[in-house]
Structures are given as structure tokens and as C-alpha cells.
Amino acid sequence: MGDEAGMMTPDLWQRFPRVAFAGLPTALEPLPRLSKMLGGPRLWVKRDDLTDLGGGNKVRPLEYLMADALAHHARAVVTFAGGPQSNHLRATAMAARKLGLDPVLVVFADPPADRRQGNLLLNQLLGARMVYLGWAGKPNPTRAIESAIQQMRLLAAVYPGLAGRGHYVIPVGGFAPLGAVGYAAAAAELTAQADAAGIHIDYVVLAGGTGTTAAGLIAGFRTIRRRTRVIAVDVGRLWHNFAPSILRLAVRTSDLLGRPAAFGPADLELHEGYVGAGYSLPSREGQAAIELLARTEGLMLEPVYTAKAMAGLLDLVARGRFQRDENVVFIHTGGAPALYAYAAQF
């Protein structure tokens, strides 16, 4: 393998305050029928859809970010997302309520006609305050999002009465070094599972929304000195210079861990051709991936993130990107509640 053994260094993650929301470790499972159908490589799934707070990858970053909110004596948490069915918003609202905090959820979109479906229903049951900053009719949604983020620095102007309530602001998707620590630790967790199974993980493939998960994994694998390559599938075309921003967060995360490292294009493989019509909109290939995984492995994906990421993985396999005997782990970043909001698409 060419890797150094015994480099788990759990003390690096344990020195950060953490609220243990997730039941860790999440399972690492083979996908034998799908692997056989495709003729290789050996495919696995990391079941981060089975974390607590409704499941999904946002729980690991929230363990550290919510601990920091408590350390700052917050009474409310404010966070943002690009679409109403955001898993990040739902997980943050659930985490906040578990800790006795008020959740304020800001969406860079227009309010949907039906707010009783999927994650929006859960947010309503949780009593989360929803703020919609829509981009409808604007020619460049990406710039609209970036403009909205700048506006949110003056929270009181956007949400009257919020100032002075002891609010703690969580960036979009937990995109911060402290949030990415959750997936740096996950890289060590996954590697330990692979070692126990007697395999070397050549690649991990995952959905790229904000890039927090990818950045954490990149920093984590470097920290434990494992040569596992990270492949992210862009699911939204939300950000300018997406790959460089992920790598910059990986650098900042490594600095926070006390293991400074430099990262370049060779450390991240980003594929941008699987978004479809746009962020939060189902794609034809993603819908096909949902049905294929359900019928071959009994594994449920959702249209916004994991279906598009799996569509990318399937296409990469078809194009010969991987060797037949390589081990490729799909990071299932969750989002099952959102699936039910898209029933009409099926």
C-alpha cells in the first residue's frame, strides 16, 4: 500500500469539544450485486445516511459546531442553505432543539408552494424560523447566493430582532475548519474499518454541495498518511472556483488540527457534469441511479445530492476510470426525508 501504519492519531480530533449526536462508527458495507453487474471495481458504501438527527453527513460537522455554540453561550443558531429541502437545515434544527436552542434557517430561494413535504415538514414540526431570500428572476443564481451571504453578515437587518439574542452563526453547509474536523475524523474511522476488513480504499466518491465533507476527508487522509483519493461530484454548480475553495478549506482544517499541509489539484478530483437542470432539481440520470440502487442493493438515495453523486460514479465506472480490483467507497451523505418531497418525479 505504501502507507504508514498506526497513524490514526485520534487525539487530534478528541481535543475539540464535541456533542455526540451520531451513533459512530457508521457501517461500511459492500455493494456486491452492483459491483458484479458493473464488472468492477469493488464498490462499498459508507452509511452516513444512518447518523442521527434524521441522518446524513451534516451531523458530523454539527457535533463540533454545536459544541462551539454552547461554549459561546448561544441561545439561537442561524444557518443557511441553497434550497428548501436542505438536509443541513433540518439537521441543524434538530441539533438545536436537542440542546435547547432556537433554530433560524435561512434559504437562498423562494418559499415553495407546499411547505409540508420532506425536510420542510420536519422543520415546521421543530418550530424552526424560516427566512427565504429568494433568487427568482435573477439572471445569475450563484451571484445572488454570494450576495445574500454578504447581506447575512448584518443579521439584524435581514431578521429583525435577532441581534442581541446570543446567536451563533453556522456557515452554509457547515463550511468551516471546525465543521470539516468531523470528516477528518471520519477519514480515520473509515480507514480503521477498511484495515479491519483487510482492504485498502483506493477512492472515496461523494456529493459535492458546499465541499465541507470533501475538504475534511482530504485533510483527514493526509493527517493519517493514507493515499486514498477523494472524488467529489458537483451537485449544484453553486460556487465559483469550487475546487480551489475545497482545497483552501482542507488547508485551514489541517492547520486547525495542528498538522499544516499544502494541497493542490492532485488532491481532489472534481466532476461537474452531473448537475442536470440545476441545484435541488432532479436529473434524469439521478433518477435512474435511485431506481438502480434500490433494486440491486435495497439502498435508498435522494434526488438532490446522493442520486447525482451516484450517477457520476456509475458513469465513471462505465468510462473505465477505475481498475476492476480497486476498492471504491461511496460516501452516502444521506437525505432520505427529502426523497418524499419528490414523489411526483417518479
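Preceding this paragraph is the structure being described.
What comes next concerns the included structure.

What counts as what
Residues numbered from 1 in each chain as written. Predicted model: local features only at pLDDT ≥ 70, side-chain atom pairs only at ≥ 80, totals over all residues. Heavy atoms only, no water. Helix = DSSP H or I, 4+ residues; strand = E, 2+ residues; numbered from the N terminus. Buried < 20%, exposed > 50% of the residue type's maximum accessible area, 1.4 Å probe, protein only. Contact = heavy atoms within 4.5 Å. Areas by Shrake-Rupley, 256 points an atom, 1.4 Å probe, with all protein chains shown as cover. Pairing = 2+ DSSP bridges. Right-handed = clockwise from strand over helix to strand, strands pointing away. Expected span 1.5 Å × (residues − 1). Salt bridge = Lys/Arg side-chain N within 4 Å of Asp/Glu carboxyl O. Phe/Tyr/Trp six-rings, centres within 6.5 Å; stacked < 30°, edge-to-face > 60°. Lys NZ or Arg CZ within 6 Å of the ring centre and 35° of its normal. Axes fitted to C-alpha atoms, helices over the stretch in contact; angles between N-to-C directions. Core = buried A, V, L, I, M, F, W, Y, C linked by side-chain atoms within 4.5 Å. Polar contact = N/O pair within 3.5 Å; in protein donor to acceptor, adjacent residues only side chain to side chain. Parallel < 35°, antiparallel > 145°, perpendicular 65-115°, else oblique. Left-handed = near helix turned anticlockwise from the far one by under 90°. Nonpolar A, V, L, I, M, F, W, Y, C, P; charged D, E, K, R; others polar.

## What about the overall build of the chain?
No. 1: Counting its regular elements, the chain contains 13 helices and 10 strands.
No. 2: Counting every position in the chain, which comprises 346 residues, the buried fraction comes to 59%.
No. 3: A fraction of 79% describes how many contacts in the chain between residues 6 or more apart in sequence connect residues 24 or more apart.
No. 4: If you sum the accessible surface of the chain, you get close to 14200 Å²; carbon and sulfur atoms cover 53% of it.

## Concerning the pairing of strand S7 (residues 203–208)
No. 1: The buried fraction of S7 amounts to six of the six residues, a majority that puts the element mostly inside the structure.
No. 2: Of the pairings in the sheet, the one linking S7 to strand S8 (residues 229–234) comprises six bridges and is parallel in character. Paired with Gly208 across the bridge in S8 is Asp234.
No. 3: As a crossover connection, the stretch from S7 through helix H9 (residues 212–223) into S8 is right-handed.
No. 4: Two elements, S7 and strand S10 (residues 327–331), share three bridges in a ladder whose sense is parallel. Opposite Val204, over in S10, you have Val329 as the bridge partner.

## Observations concerning helix H11 (residues 284–297)
No. 1: Along its 14 residues, H11 runs 20 Å from first to last C-alpha, staying within 8% of the 20 Å computed at 1.5 Å per residue.
No. 2: Taken together, the buried positions of H11 are Gly286, Gln287, Ala289, Ile290, Leu293, Thr296 and Glu297.
No. 3: In the stretch just after H11, Gly298 is the one whose phi turns positive, near 65°.

## Some details on the pattern of salt bridges
No. 1: Summed over all chains, the structure comprises 15 salt bridges.
No. 2: Note that Glu285 is salt-bridged to Arg284, the shortest N-O span being 3.8 Å.
No. 3: Because the salt bridges share partners, they merge into one network encompassing Lys46, Asp48, Arg60 and Glu189.

## What about the packing of aromatic side chains?
No. 1: For the structure shown, the criterion picks out three aromatic pairs.
No. 2: Centroid distance Tyr203 to Phe322: 5.1 Å. Interplanar angle 65°. Geometry classified as edge-to-face. Of this pair, Tyr203 sits in strand S7 while Phe322 sits in the loop between helix H12 (306–318) and S10, placing them 119 residues apart in sequence.
No. 3: Classification of Tyr203 as buried rests on a relative accessible area of 11%.
No. 4: The ring of Tyr183 carries the charged tip of Arg60 above its face, separated from the ring centre by 5.4 Å.

## A closer look at H9
No. 1: Taking 1.5 Å of rise per residue, 12 residues should cover 16 Å, and H9 covers 16 Å from first to last C-alpha, within 8% of that figure.
No. 2: In terms of burial, H9 is a largely internal element, 11 of the 12 residues being buried.
No. 3: Buried within H9 are the following residues: Thr212, Thr213, Ala214, Ala215, Gly216, Leu217, Ile218, Ala219, Gly220, Phe221 and Thr223.

## Observations regarding the sheet that holds strand S3 (residues 76–81)
No. 1: Strand order in the open sheet formed by four strands is S5-S4-S3-S6, and the pairing between neighbours is parallel. The outermost strands of the open sheet, each flanked by one partner alone, are strand S5 (129–132) and strand S6 (167–170). Neighbour-to-neighbour, the strand axes of this sheet turn through a mean angle of 20°, independent of strand direction.
No. 2: Judged from the six bridges that link them, S3 and strand S4 (residues 102–107) form a sheet pairing that is parallel. Bridging from a neighbouring strand, Val77 pairs with Pro103 of S4.

## Some remarks on the nonpolar core
No. 1: Counting residues in hydrophobic clusters, the biggest one holds 58 residues, and the most contacted among them are Trp13, Met66, Val204, Leu217 and Val230.
No. 2: In terms of residue count, the dominant contributor to this core is helix H8 (residues 177–197) (11 residues).
No. 3: Non-local contacts of Val230, meaning those with residues more than four positions away in its chain, are made with Val204, Leu206, Ala214, Leu217, Ile218, Phe221, Asp267, Leu268 and Glu269.

## Let's talk about the side chain of Thr210
No. 1: Looking at the element boundaries, Thr210 is found in the loop between S7 and H9.
No. 2: Side-chain polar atoms of Thr210 contact the side chain of Thr212, separated by 2.9 Å.
No. 3: Excluding its chain neighbours within four sequence positions, the residues that come into contact with Thr210 are Lys58, Val172, Gly173, Phe175, Trp239, Phe242 and Ile246.

## Details of the packing of H8 against H9
No. 1: Look at H8 against H9: their axes get within 7 Å of each other, and the N-to-C directions meet at 55°. When the axis of H8 is compared with that of H9, the two are oblique. In the packing of H8 onto H9, the handedness of the crossing is right-handed. Judged by residue contacts, Gly179, Ala180, Tyr183, Ala184, Ala187, Leu190 and Thr191 of H8 engage Thr212, Thr213, Gly216, Leu217, Gly220 and Phe221 from H9.
No. 2: Residues that form the contact of H8 with H9 fall into these classes: seven nonpolar, six polar and no charged.

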